[in-house]
Amino acid sequence: MKEIVPSPPPVVRNDMAAVQALFQQHVVPSYGRFEIVFTHGAGSYLYDIAAKRYLDFGGGIAVSSLGHAHPAITEALVEQSRKLIHVSNYYYHEPQGRLAEALAHLIGPGKCFFCNSGGEANEGLFKLARKFGHDEGRFEILTTFNSFHGRTLAGIAATGQDKVKKGFEPMVPGFRQVPYNDLEAMRAAISPGTAAILVEGVQGEGGVTAATPEYLLGLRQLCNDKKLLLLMDAVQDGHFRTGCFQSFQRILEGMPQASSFLPDGISMAKSLGGGFPIGAFWVRAPYADLLSAGTHGTTYGGSPLGCAVALEVLDVIQREKLANNARQVGDYLKAGSRELARKYPGIIRDVRGLGLMLGIELKPGIPNLPGGANKTQAARFASLLHAAGLLTIPAGAQILRFLPPLNLRQSEAEEGLKIIESVLVKLSA
Ligand SMILES: *Cc1c(COP(=O)(O)O)cnc(C)c1O
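So, here's what we can say about the structure. Because the structure is predicted, anything quoted here is derived from the model rather than measured.

**So, the sheet that holds strand β14 (residues 357-362)**
Working step 1: Strand order in the open sheet made by the four strands is β13-β14-β17-β16, with antiparallel pairing throughout. Strands with a single pairing partner mark the edges of an open sheet, and in this sheet they are β13 (348-354) and β16 (393-395). Between one strand and the next, the sheet's axes are offset by a mean angle of 25°, whatever the strand orientation.
Working step 2: Bridge analysis of β16 against strand β17 (residues 399-402) gives three bridges, and the strand direction is antiparallel. Within β17, the position partnered with Pro394 by the bridge is Leu400.
Working step 3: Against the sheet, helix α12 (residues 322-343) engages β13, β14 and β17, with an angle of about 170° to β13.
Working step 4: Together, β14, β16 and β17 form the strand contacts of helix α13 (residues 377-388), whose direction differs from that of β17 by roughly 50°.

Here you go:
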């Protein structure tokens, strides 16, 4: 792994209040933010405006796949921006073609469409499903409870969590949810109007729940039998996070059917650009030409700059064998978290996940947990970890997620576990 030289410490001026005041006056208050103002990062560490250092197990929600300020990303940005940043999709350019080739090589025979975010990638899959079922009048997409598919109008209709829908009714029609990992519920939900099934391989926002191999294989068979598209939202669990490029590749490892399993469409974003906004979806070969000229588009999508960065991120991951690293350091972090769960059974209920996509589920009603009664336990626990110098991402009310850079070192994983234990010690005192 390339040595990452930390930047010099920033000029320490505690103007946190001034930055927060700007937000209060000028930024739409749609986020519940933690009380931290960041100024810069290096590798797996972030620095706040008072020069406090944090170990970053959140990775900007599974985005900063190579950590912060990675020289290869900086170089790709600088080099490509000297040549060409943007031309629109009226024209051809090499980076988009090469990135599509690379992604299809990692998944299977098919084609890619590029956009700028996970929500947009899913919109593309929804349109693909509607085009697929259109001539037979089929347009319904079945999804699962506790899923998350983005904040667009169709994304919240697809998402299996009431909290994202509340206040935005009526929902876009054509989405229905059933329990996750329940093949019979999915089978029973299929109607004459159903065109597709969309699931995450590992539910992220829903609390780090992995699909079973039987579920994925069963869904494939079901979609074959009923002539439905099997779509997978790999926005969070994709891009080597679980130790394989796609989570289904990791989940199905060792199964005889593993090599022949493919979904019909896959949405990607988050880690794809290592922090530069880029999204994509891949469509399996038989359906790759459904979205013909003029049926779908975006101005920014697949820009030379975005694609050059994504190609460089892929190159670094492969050169530095970061899939293996995600698997090994992930296993280490999971084992260490399991050990903490064993030592502190009154606080940690469960540890789950694959590779560097891990979740710690807290027990409800932890005594001594400071913080407002209107905040979730997960947010309150995350604040304690912040104070101790570790960033994690809450999921739901009880779960903390680790989505660190794929080049996280074992020593950094060990440091994170020590920080978590220091908080557990205090809470159980
Ligand atoms: C984050 C996420 C999205 C939405 O991606 P955005 O880039 O925020 O639009 C969709 N699906 C899953 C599984 C996600 O984790």
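**Re empty space enclosed by the protein**
Working step 1: If you walk through the whole model with that rule in mind, you get one cavity of 30 Å³ or more.
Working step 2: A volume near 30 Å³ is recorded for the largest cavity.
Working step 3: Looking at the largest cavity, the residues that line it are His86, Val87, Ser88, Asn89, His93, Gln96, Thr299, Tyr300, Gly301, Gly302, Ser303 and Pro304.
Working step 4: Residues that form the lining of the largest cavity fall into these classes: three nonpolar, nine polar and no charged.

**Some remarks on the site of the ligand**
Working step 1: The local shell around the ligand consists of Ser117, Gly118, Gly119, Asn122, Phe148, His149, Gly150, Glu200, Asp233, Val235, Gln236 and Lys270.
Working step 2: Contacts to the ligand include Gly118, whose backbone N or O atom sits 2.8 Å from an oxygen atom.
Working step 3: Backbone polar atom of Phe148 to a nitrogen atom of the ligand: 3.2 Å apart, as the coordinates give it.
Working step 4: In the complex, the protein chains occlude 80% of the 380 Å² of accessible area that the ligand would expose alone.
Working step 5: The biggest single contributor to the shell around the ligand is helix α5 (residues 118-133), with three residues.
Working step 6: Tallied by class, residues from the shell around the ligand come to two nonpolar, seven polar and three charged.

**Describing the packing of aromatic side chains**
Working step 1: A full pass over the atoms with the stated rule returns nine aromatic pairs.
Working step 2: Ring centres 5.4 Å apart and planes at 80° place the aromatic pair Phe38 and Tyr54 in the edge-to-face group. Note that Phe38 is positioned in strand β1 (residues 38-42) and Tyr54 in strand β3 (residues 53-56), a separation of 16 residues in sequence.
Working step 3: Taking relative accessible area as the criterion, Phe38 reaches 35% and is therefore assigned partly exposed.
Working step 4: Both rings, one in Phe132 and one in Tyr287, keep their centres 5.4 Å apart while their planes meet at 85°; by these two values the pair is edge-to-face. With Phe132 in helix α5 and Tyr287 in the loop between β12 (279-284) and α11 (304-319), the pair connects residues that are 155 residues apart, well separated along the chain.
Working step 5: If you follow Arg53 out to its NZ or CZ, it ends over the ring of Tyr45, 3.8 Å from the centre.

What counts and how
Residues numbered from 1 in each chain as written. Predicted model: local features only at pLDDT ≥ 70, side-chain atom pairs only at ≥ 80, totals over all residues. Heavy atoms only, no water. Pairing = 2+ DSSP bridges. Helix = DSSP H or I, 4+ residues; strand = E, 2+ residues; numbered from the N terminus. Axes fitted to C-alpha atoms, helices over the stretch in contact; angles between N-to-C directions. Contact = heavy atoms within 4.5 Å. 1 Å grid on protein atoms, 1.4 Å probe; cavity = no way out; pocket = protein on both sides within 12 Å on 5 of 7 lines; lining within 4 Å. Points joined across faces, edges and corners; volume = space filled by probe spheres on them. Nonpolar A, V, L, I, M, F, W, Y, C, P; charged D, E, K, R; others polar. Near = heavy atom within 4 Å. Polar contact = N/O pair within 3.5 Å; in protein donor to acceptor, adjacent residues only side chain to side chain. Areas by Shrake-Rupley, 256 points an atom, 1.4 Å probe, with all protein chains shown as cover. Phe/Tyr/Trp six-rings, centres within 6.5 Å; stacked < 30°, edge-to-face > 60°. Buried < 20%, exposed > 50% of the residue type's maximum accessible area, 1.4 Å probe, protein only. Lys NZ or Arg CZ within 6 Å of the ring centre and 35° of its normal.

The values are spatial; any link to function lies outside them.
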